[in-house]
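Below are the chains, spelled out letter by letter.
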Amino acid sequence: MKKIGFLSFGHWTSSPQSETQSAADALLQSIDIAVEAERLGMDGAYFRVHHFAQQLASPFPLLAAVGAKTRKIEIGTAVIDMRYENPHYMVEDAGAADLICGGRLQLGISRGSPEQVIDGWHYFGYSPIDSKDDADMGRQHAEDFFELLRGKGFARPNPRPMFPNPPGLLRLEPYSAGLRDRIWWGSASNATAVWAAKLGMNLQTSTLKFDETGEPLHIQQAAQIRSFRAAWKEAGHTRIPRISVSRSIFALVNDRDRAYFGRGGQEEDKIGFLDENTRAIFGRGYAAEPDVLVEQLRKDEAIAEADTLLLTIPNQLGVAYNTHVLEAILTTVAPALNWR
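Quick look at the nonpolar core
- Ranked by size, the top nonpolar core spans 73 residues in total, and within it Ile109 and Phe145 carry the most contacts.
- Ignoring anything within four residues of it in the chain, the contact list for Ile109 reads Val79, Ile80, Met82, Met90, Ala142, Phe145, Ile183, Trp184, Trp185, Gly186 and Met201.

So, in C-alpha cells, the structure goes:
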C-alpha cells in the first residue's frame, strides 16, 4: 500500500495552447484539482514553490484555501525554498493553515534549486553570513523553523501588554500541535538526507538528484532512502518516518493521452549541471499502456522503498484532463502494483 498524491508546479502562460492563462487561473484551478483528487480517493495534494516565475509562489494562502474546500486529503508542498523564508513568520503562516485544514498539512522544505534570478533570496532581505553560502543559509532557516515548531516559549513578555499574557516566555501563535512531525526535507544528496534524519524530518526525493555514483536515478534514490532510514534509527527517533518520491507517470488509455505523451523521448535519465560544479541526474518519465507501465514501475527501486508517491501533473492542460490523468493511474496501474 502507498499513499498517492499529485504534485503541481502551477505554471501559467498566455499561450493559446494553455488552459491556465493567468496567476488567478493557476491558483483557482489548483484548488479545483485538489477537490477532484479528494473525490477520486487520492491521498495528497502537493504544490511546488518557485519565485520570480509564472508558477505558484507564496504557498500558505493556497494551502489554506485547499484546506477549507476539502476534508480528508493531505495538503502539502514539495518544496518551499528556505533561503527565501523568515522562519518566525513562516511558523505563524504554517500554524494558521494547518488549523484551517484540521491538521492535514505536510510541508516539504528545502535549501532550494536554481532560480530564475541571480541570488533571488537577496531581494527578500537575506544574505549568508560569515563564510557560509546560500545552501548553509537555507538549512539554517530550516533548523530555526523546525525548532520553533516545538511551541516552546522564548520571547520575554512586555510588563505592560495590550492584552493579558499567559505566564512565562511567549511562543509564536497560532500553534498547531503535531505539525512538527509533518515537516519533510527535500533532499538532493545522500548527506542532506542523513542530516534530515538526524533532525527528525521526513524525506522527500524528487526527479532530480546530485549524481553521486553514476547509477540510474532510481537506484541512487533507493540507496539515499536506505541511508536516511539507517540515520533515523541511529538517532533514536520513536516514530516511523514518511518518505516520498516524485515521478512523471502517464497511463496511455485514449487517443488524447497518446497524442500528448505517447511519442517517447522520456525513457532515459538525463545528466546536467546545476552550476559549474554540481552534476545532477534528472529522472526519466513513464508513459505507456497500463500493462507496460506496470512492468516498468515494478523495476523502480526508489518507488518500492518509499511509502508515498507524488505524481507530477501537467497543470496547463486543465482540471478535467488532469483529473483523468490521476484517475487512470488509480484505476489501471495502482491496483496491479498493490499500491491500492
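Details of a nonpolar patch on the surface
- Judged by side-chain polarity, Phe52, Tyr123 and Phe124 come together as a nonpolar surface patch covering roughly 350 Å² of accessible area.
- Along the chain, Tyr123 turns up in helix H4 (residues 120–123).

Regarding the packing of aromatic side chains
- Taken as a whole and judged by the stated rule, the model has nine aromatic pairs.
- A ring pair is formed by Trp185 and Trp195, whose centres lie 4.7 Å apart and whose planes are at 70 degrees; its orientation type is edge-to-face. A residue pair is termed long-range when its members are at least 10 positions apart, and Trp185 in strand E5 (residues 183–186) and Trp195 in helix H6 (residues 190–199) qualify at 10 residues. One exposure class covers both Trp185 and Trp195, and it is buried.
- An angle of 70 degrees between the planes, with centres 5.2 Å apart, marks the rings of Tyr260 and Tyr321 as edge-to-face. Of the two residues, Tyr260 is situated in helix H8 (residues 255–261) and Tyr321 in helix H11 (residues 319–332); the sequence distance between them amounts to 61 residues.
- What makes Tyr260 partly exposed here is its relative accessible area of 38%.

Details of the sheet that holds strand E8 (residues 243–247)
- The parallel closed barrel is built from eight strands, whose spatial order is E1-E2-E3-E4-E5-E6-E8-E13. Neighbour to neighbour, the strand axes of the sheet diverge by 25 degrees on average, direction disregarded.
- As paired strands, strand E1 (residues 3–8) and strand E2 (residues 44–47) are joined by four bridges and run parallel to one another. Residue pairing for E2: Leu7 is matched across the bridge by Tyr46.

Cut-off values and rules
- Residue indices begin from 1 for each chain and proceed along its sequence in written order.
- Where local features are concerned, this predicted model is filtered to residues with pLDDT of at least 70; where side-chain atom pairs are given and counted, the filter is 80 or more; whole-chain, interface and lining totals use all residues.
- Only hydrogens and water are set aside; all other atoms, that is, all heavy atoms of the structure, feed into the side-chain values.
- Only buried residues count toward a nonpolar core. Its members are Ala, Val, Leu, Ile, Met, Phe, Trp, Tyr and Cys residues joined through side-chain atoms within 4.5 Å.
- The buried label goes to any residue with under 20% of its type's maximum accessible area, the exposed label to any with over 50%, and the partly exposed label to all in between, with areas taken from a 1.4 Å probe on protein chains only.
- Between two residues, a contact is recorded if the distance between any of their heavy atoms is within 4.5 Å.
- Patch membership requires more than 30% relative accessible area and the absence of a salt bridge. Residues of like charge join within 9 Å; the nonpolar side chains Val, Leu, Ile, Met, Phe, Trp and Tyr join within 5 Å.
- Accessibility throughout is a Shrake-Rupley quantity obtained with a 1.4 Å probe, and a residue counts as covered only by protein chains that appear here.
- Any carboxyl oxygen of Asp or Glu within 4 Å of a side-chain nitrogen of Lys or Arg constitutes a salt bridge here.
- Counting from the N terminus, the helices are the DSSP runs of H or I reaching at least four residues and the strands are the DSSP runs of E reaching at least two.
- Only Phe, Tyr and Trp rings are paired, with Trp represented by its six-membered ring, and only when their centres lie within 6.5 Å; those with planes under 30 degrees apart are stacked, over 60 edge-to-face, the remainder tilted.
- For two strands to be treated as a pair, DSSP must find at least two bridges joining them.
- Between N-to-C directions, angles span 0 to 180 degrees; the directions come from axes that are lines fitted to C-alpha atoms, helices contributing only their stretch in contact.

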